[in-house]
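Remarks on the overall topology
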Amino acid sequence: MSKKHGPPKRIQGLDKNVWVEFVGLSLEYKPVNLGQGFPDFAAPPSHVVESLTKAVGGPNIMLHQYTRGFGHPRLVQALSKLYTQLIGVDINPNTDILCTVGGYDALFCCFMGLIEEGDEVIIIEPYFDCYEPMTRMAGGVPVFIPLQPKHDNVTSTKDFVLDPDVLASKFTSKTKALVLNNPNNPLGKVFQRSELEMIADLCKKHDVICISDEVYEWLVYSPMEHIRIASLPGMWDRTITIGSAGKTFSVTGWKLGWSIGPADLIRNLMTVHQNSLYTIPTPLQEACAIGFETEIERLGKPNSYFKELVTLLEGKRERMAKMLTEVGMVPFMPEGGYFMMADTSSFNVDLDDPDVDVGDGPKDYKLVRWLIKKKGIGAIPPSAFYSAKHKHLAENYIRLCFIKEDTTLDRAEKIFKEWHEEMELAKK
């Protein structure tokens with residue numbers, strides 16, 4: 001084919017994707033899948049599943065047809081009621097909320113609707129991997145700053161911090177936006193109030209928009225609390241808060257998300273949305289709306305799904321950390337989300353094994369390919385969540401998901417223990 005039909009400049013160099021490769025390997029090799037972030041058990045609340053059943057099987061035939069393009073009326077009303085409480089401002093359901101195809105689409109609308117050619121976008125590392133390519137597709141220039149361990153013996157994600165001076169130095173006259181992921185994926189860090197205030201002060205000082213990806217907002221472990229940066233003084237007018245039904249109700253296959261913010265910013269996102277997807281599935285929005293209506297009444301109560309899920313995951317988090325520690329890894333205990341990063345430096349793995357094609361790229365990519373093909377454990381290489389300059393910061397780490405059935409964790413534990421025993425025998 002002639003060069004005339006090659007990829008346009010806006011997508012050149014963006015064709016590689018960690019999910020495409022490692023989901024493909026999981027499908028091919030059928031490992032114990034601790035890679036992708038979704039439950040392999042009946043995690044969604046029954047009232048949400050039943051609401052979808054009623055939506056598609058009930059008497060309201062209009063739920064099978066198009067709904068309002070920017071968000072189903074019942075859903076935006078529920079979101080408005082909930083986030084008005086959480087953020088502390090009066091949120092207009094019709095002008096301050098956009099419903100999207102998952103948090104991913106919400107992010108896409110943010111970058112395409114807010115970033116212009118040459119705008120700089122500050123991205124905190126590690127970051128969800130789509131931030132960088134979406135910035136580049138919009139014509140923006142990503143500017144990276146990594147969270148760094150504040151001492152050598154790190155065991156918790158709270159020990160990963162931003163250097164205030166380095167962060168301040170990243171802001172220039174060209175800075176248009178900062179992307180915050182709180183709780184952070186893949187690390188599991190929950191930003192403390194003082195950290196958020198530092199970020200907020202810089203955004204206000206330099207007139208910068210904050211794109212706050214908060215899809216794991218309900219998955220925060222005691223004693224930490226989730227503070228929405230839009231709730232801080234002066235931040236509502238410059239913050240887009242992104243949420244996800246997939247993470248909120250454990251229904252990742254529904255691909256339903258939202259952006260919440262001031263009307264003058266949301267209007268730009270709506271323009272992108274109406275000229276690309278326009279509207280999203282009506283029955284899913286109806287079911288999600290009913291789910292929120294139910295949970296709003298249960299907020300803070302023992303029967304709240306948000307409390308029940310965190311309690312369930314606390315046990316799985318503890319089990320994952322114990323499992324990894326016992327085989328010689330150093331897990332970083334996450335404060336939020338359902339991923340755990342671990343340091344594998346002590347593991348002596350022959351990545352030149354002629355029996356296993358580990359490919360090229362960073363060390364963690366090779367290790368995860370080896371784990372999938374040789375040991376039957378699926379994971380994700382966390383250097384995928386770092387810029388090219390900083391991938392070395394994660395080369396000794398792997399990311400594992402613990403929102404899994406106990407039998408899945410049993411199988412993983414058995415494999416890890418057998419592998420550890422093999423390594424101990426090899427030392428003798």
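One structure accompanies this document, and this report is about it. Just so it is clear, the model here is predicted, and its values are computed rather than measured. (Residues numbered from 1 in each chain as written. Predicted model: local features only at pLDDT ≥ 70, side-chain atom pairs only at ≥ 80, totals over all residues. Heavy atoms only, no water.)

**Details of the sheet that holds strand β7 (residues 175-181)**
Pairing is mixed in the open sheet, where 7 strands are placed in the order β2-β10-β9-β8-β7-β3-β4. Both outer strands of the open sheet, β2 (97-100) and β4 (141-146), are each paired with one neighbouring strand and no more. Taken over all neighbouring pairs, the strand axes of this sheet differ in orientation by 20° on average, direction set aside. Two strands pair when backbone bridges link them, and strand β3 (residues 120-125) and β7 are joined in this way by 4 bridges, in the parallel orientation. From the neighbouring strand, Val 121 faces β7, where its bridge partner is Ala 177. In the packing of helix α9 (residues 263-274) onto the sheet, the strands contacted are β2, β8 (209-213), β9 (239-244) and β10 (257-260), and the crossing angle to β2 comes to about 30°. (Pairing = 2+ DSSP bridges. Helix = DSSP H or I, 4+ residues; strand = E, 2+ residues; numbered from the N terminus. Axes fitted to C-alpha atoms, helices over the stretch in contact; angles between N-to-C directions. Contact = heavy atoms within 4.5 Å.)

**Notes on the state of the cysteines**
Evaluation of the coordinates by the stated rule reveals 0 disulfides. Among the cysteines around Cys 99, which has no disulfide bond, Cys 288 carries the closest sulfur, lying 8.0 Å off. The class of Cys 99 is buried, set by a relative accessible area of 0%. Free of any disulfide, Cys 130 has its nearest neighbouring cysteine sulfur in Cys 110, separated by 10 Å. When its relative accessible area of 1% is taken as the criterion, Cys 130 is described as buried. (Disulfide = S-S within 2.5 Å. Buried < 20%, exposed > 50% of the residue type's maximum accessible area, 1.4 Å probe, protein only.)

**Considerations on the environment of Leu 313**
In this fold, Leu 313 is placed in helix α11 (residues 305-326). Through-space distance from the C-alpha of Leu 313 to that of Gly 336 is 9.9 Å; in sequence the pair is 23 residues apart. Setting aside its immediate chain neighbours within four residues, Leu 313 contacts Leu 219, Tyr 221, Tyr 338, Phe 402 and Ile 403.

**A closer look at the packing of α11 against helix α13 (residues 406-427)**
Axis separation between α11 and α13 bottoms out at 9 Å; the angle between their running directions is 10°. Accordingly, the angle class assigned to the pair α11 and α13 is roughly parallel. Of the residues in α13, those in contact with Lys 316, Arg 319, Met 320, Met 323, Leu 324 and Glu 326 of α11 are Asp 406, Leu 409, Asp 410, Ala 412, Glu 413, Phe 416, Lys 417 and His 420. Across the contact of α11 with α13, the residue classes tally to 6 nonpolar, 1 polar and 7 charged. (Parallel < 35°, antiparallel > 145°, perpendicular 65-115°, else oblique. Nonpolar A, V, L, I, M, F, W, Y, C, P; charged D, E, K, R; others polar.)

**Quick look at the pairing of β8**
By the criterion of burial, β8 is predominantly enclosed, with 5 of the 5 residues buried. Two strands pair when backbone bridges link them, and β7 and β8 are joined in this way by 5 bridges, in the parallel orientation. Note on β8: the bridge partner recorded for Leu 180 is Ser 212. Where the polypeptide runs from β7 across helix α7 (residues 193-205) and back to β8, its parallel neighbour, the crossover connection is right-handed. (Right-handed = clockwise from strand over helix to strand, strands pointing away.)

**Focus on the packing of aromatic side chains**
Inspection of the entire model under this criterion finds 20 aromatic pairs. Here the aromatic rings of Tyr 216 and Tyr 338 are separated by 5.4 Å at their centres, their planes lie at 90°, and the arrangement is edge-to-face. On the criterion of sequence distance, the pair formed by Tyr 216 in the loop between β8 and β9 and Tyr 338 in the loop between β11 (330-332) and β12 (339-343) is long-range, its members being 122 residues apart. Centre to centre, the rings of Tyr 216 and Phe 339 are 6.0 Å apart; their planes meet at 80°, and the pair counts as edge-to-face. Residue Tyr 216 is found in the loop between β8 and β9, and its partner Phe 339 is found in strand β12; the two are separated by 123 residues along the sequence. Using a relative accessible area of 5% as the deciding quantity, one classes Tyr 216 as buried. For Phe 339, a relative accessible area of 4% translates into the label buried. In this structure an aromatic cluster arises from ring pairing among Trp 19, Tyr 104, Tyr 127, Phe 128, Tyr 131, Phe 144 and Phe 385. The side chain of Lys 189 reaches across the aromatic face of Phe 191, ending 5.2 Å from its centre. Here Arg 399 stacks its cationic end above the ring of Phe 339, 3.6 Å away from the centre of that ring. (Phe/Tyr/Trp six-rings, centres within 6.5 Å; stacked < 30°, edge-to-face > 60°. Lys NZ or Arg CZ within 6 Å of the ring centre and 35° of its normal.)

**Things to note about the side chain of His 273**
Mapped onto the fold, His 273 is located in helix α9. For His 273, a relative accessible area of 0% translates into the label buried. When neighbours within four sequence positions are excluded, His 273 is seen to be in contact with Gly 69, Phe 70, Leu 98, Cys 99, Thr 100, Asp 105, Cys 109, Tyr 278, Thr 279 and Ile 280.

**Side note on the sheet that holds β12**
Spatial ordering of the open sheet is given by β11-β12-β14, a layout of 3 strands whose pairing is antiparallel. Where the open sheet ends on each side, the last strands, each with one partner, are β11 and β14 (397-401). Put simply, the sheet's adjacent strands are angled 30° from each other on average, direction ignored. Sheet topology note: the β12/β14 ladder contains 5 bridges and is antiparallel. Bridge pairing links Asp 343 to Tyr 397 in β14. Contacting β11, β12 and β14, α11 crosses the sheet at an angle of about 15° to β12.

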